[in-house]
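Each chain is listed here by its residues.
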Amino acid sequence: MTPLSRRGIIAGAAALAGTGAALSSGTANAAAGARGSDDCHGDHGDHGGHGRGKAVVFRDVRPLGARTPVDLTVVDGKISDRPAPKGAEVVEGGGRVALPSLVDAHIHPDKTTWGGSWVTRKPASGIADYCAQDVELFKSQRRPVGERAYGLMAHAVTRGTRAMRAHADVAPAYDLAGLEGVAHARDRLRHALDVQIVAFPQHGVVRAPGTAELLEEAARSGLVDFVGGIDPISFDHAMDEQLDLVFGLADRHGVGVDIHLHDRDEKGTKVLRSIIDRTRALSLRGKVTVSHVFCLPNLSDGELGKMAADLGDLDISLTTVAPNESLVLPIAKLREHGVRVGLGSDGVRDAWSPFGNADMLHRTHILGWVTDVRLDEELTDCYRVGAHGGADVMGLRHADFTPGAPADFILVRGENVPQAVVDMPQRDFVVHGGRVVARDGELV
C-alpha cells in the first residue's frame with residue numbers, strides 16, 4: 001500500500017469570499033471608541049484576574065491599519081472609550097498597526113516535540129499507524145507532556161494567539177497524562193492565554209477497550225471542557241455506539257462535544273446527520289463542534305443548504321485547517337445559515353508530521369495561499385477567519401477594538417491587514433487582557 005501522508009488524511013481549507021463584514025483597514029473610530037456590534041457567543045474571560053483595576057494607554061497605534069494613529073485606552077483589560085485615568089501606564093506604540101489577536105480553534109499540544117531533538121518519522125498507511133507511532137514517540141520523550149505542551153503554547157502566545165482549543169489524547173496507552181499535562185500548561189499560561197481542553201480519543205472509542213472509562217473519568221474530573229470522537233464509521237466501525245457514549249457523557253456531565261470527522265463521502269454525511277439528530281434530542285445547542293468535516297464540499301448546493309440550515313439552527317460549529325485546496329469548507333454558504341467556522345493549527349511537530357509552528361498569522365497566510373486569493377478584501381477575510389472565526393467557535397467576544405471588547409491585540413510594523421497576512425511581520429508586542437505578555441518573540 002502506498003504510504004499516506006498526514007496531509008492526505010488531514011486535508012482541508014476554508015473558503016474566503018463572502019464571509020461577512022470584513023475587518024476594516026481604515027476605521028480608527030472603532031479603536032478610539034465608536035460603538036461596535038455585539039455578535040459574540042459568550043463573554044471573554046478575565047484572564048485570571050490580571051489587569052483588573054489597571055489602566056493602560058497604548059500611545060500612537062493604528063488599529064486595523066488606520067492612517068491616523070490614536071491612543072488606545074484599556075481599563076480592566078477591556079477597550080475603553082473614556083479618557084484615560086490619571087496615573088495610567090503608557091506603552092509607546094511607535095505608529096505600529098494594532099490587529100486583533102488570533103484564535104487557534106484546533107490544536108494538539110500534547111503530541112508535540114516542539115523544542116526538543118529532531119525526530120525522524122516513519123512511513124504510515126493510515127490513522128492506526130499514526131496512532132502506534134504516537135505511542136512510540138510518547139514513550140521516547142524525556143520531557144513530560146506538561147513541559148512540551150507549555151513550550152508550544154507559550155510560543156503560540158508570542159506569535160499573537162489569545163486562545164486555543166487544545167485536543168489531548170485519551171487512551172489506555174497514556175491514561176490521562178495528556179490531559180493533565182495540557183491542563184498544567186494552561187494553568188501556567190492563565191495570564192496570557194485562554195484554553196479549552198478536549199478529551200480526544202485518538203485511538204478510537206470502541207476499538208480501544210478502556211477508552212470509554214477514561215473519557216468518563218475525564219468528563220467527571222473537571223479537567224476538560226469537551227469530550228471528543230473520531231470517524232465513528234470508518235475508524236471506530238461503531239457509529240451509534242461511539243456517538244451514544246460521547247453524547248451521553250456530554251449530557252450527564254455538562255461538557256461539550258468536539259468530533260473529528262475526516263470521511264469525504266456518504267459515511268461523513270451519515271455521521272454528520274447523526275450528530276445533528278443527537279444534538280437536537282439532547283438539547284445540546286451551541287455545545288457541539290465538528291472538526292475537519294471533509295464531506296461538506298462534496299454536497300450539492302441543495303444538500304449543502306439543508307445541512308447548513310440544520311447546523312445553524314442547532315449552533316453546531318465547525319473547525320478547519322488549511323493544508324491544501326482540495327477540500328475547502330464553503331464558509332460563505334455556512335455563514336448564511338449562522339454556522340460558526342474557526343481555523344486551527346492541528347498537529348505541530350508530532351509523530352504525524354514534522355511541520356507546523358502554532359503561528360496563527362502564518363496559518364492565515366497559508367489559508368490565503370492555498371485558496372489563491374489576491375484582493376485586499378479577500379486577504380482581510382483570511383485574517384477575520386483566524387481572529388474572529390475561532391473566537392466564535394470558542395464562545396469568546398471578538399477582540400475588535402470596540403468599547404468593552406477584550407484588549408487582546410498585537411502590534412506590528414506595516415501598513416494594513418492584507419499586508420500583515422502576506423508579510424507575517426514580527427509580533428513586536430502581544431497584549432492579552434490589556435497586559436503586555438510578549439515582546440519581540442519572547443514572553444515577558
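Just so it is clear, the model here is predicted, and its values are computed rather than measured.

### Remarks on the environment of Tyr 150
In this fold, Tyr 150 is placed in helix α4 (residues 145–158). Between the C-alpha atom of Tyr 150 and that of Gly 181, which follows or precedes it by 31 residues, the distance is 8.4 Å. The contact partners of Tyr 150, leaving out residues within four places of it in the chain, are Ala 185, Arg 188, Leu 189 and Leu 443.

### As for the pairing of strand β3 (residues 70–75)
Note: strand β2 (residues 55–63) against β3, five bridges, orientation antiparallel. Among the inter-strand pairings, Ala 55 is bridged to a residue of β3, identified as Val 75. Between β2 and β3, which pair antiparallel one after the other, the connecting turn spans six residues, and Leu 64 there sits at a positive phi close to 60°. By the bridge criterion, three bridges tie β3 to strand β4 (residues 78–80) in an arrangement that is antiparallel. Following the sheet pairing, Thr 73 is matched in β4 by Ser 80.

### A closer look at the sheet that holds strand β15 (residues 409–412)
If you walk across this open sheet you meet the eight strands as β4-β3-β2-β5-β15-β16-β17-β18, and the pairing is mixed. The open sheet is flanked by β4 and β18 (442–443), the only strands paired with a single partner. As judged from the three bridges shared by β15 and strand β16 (residues 429–432), these two strands associate in the antiparallel manner. By the bridge assignment, Leu 411 is partnered in β16 with Phe 429.

### Some remarks on the environment of Val 97
Considering the arrangement of structural elements, one finds Val 97 in strand β5 (residues 89–100). Overall, Val 97 belongs to the buried group, its relative accessible area being 1%. Distance in space between the C-alpha atoms of Val 97 and Ile 410 is 8.0 Å, their sequence separation being 313 residues.

Scoring rules and cut-offs
- Residues numbered from 1 in each chain as written.
- Predicted model: local features only at pLDDT ≥ 70, side-chain atom pairs only at ≥ 80, totals over all residues.
- Heavy atoms only, no water.
- Helix = DSSP H or I, 4+ residues; strand = E, 2+ residues; numbered from the N terminus.
- Contact = heavy atoms within 4.5 Å.
- Pairing = 2+ DSSP bridges.
- Buried < 20%, exposed > 50% of the residue type's maximum accessible area, 1.4 Å probe, protein only.

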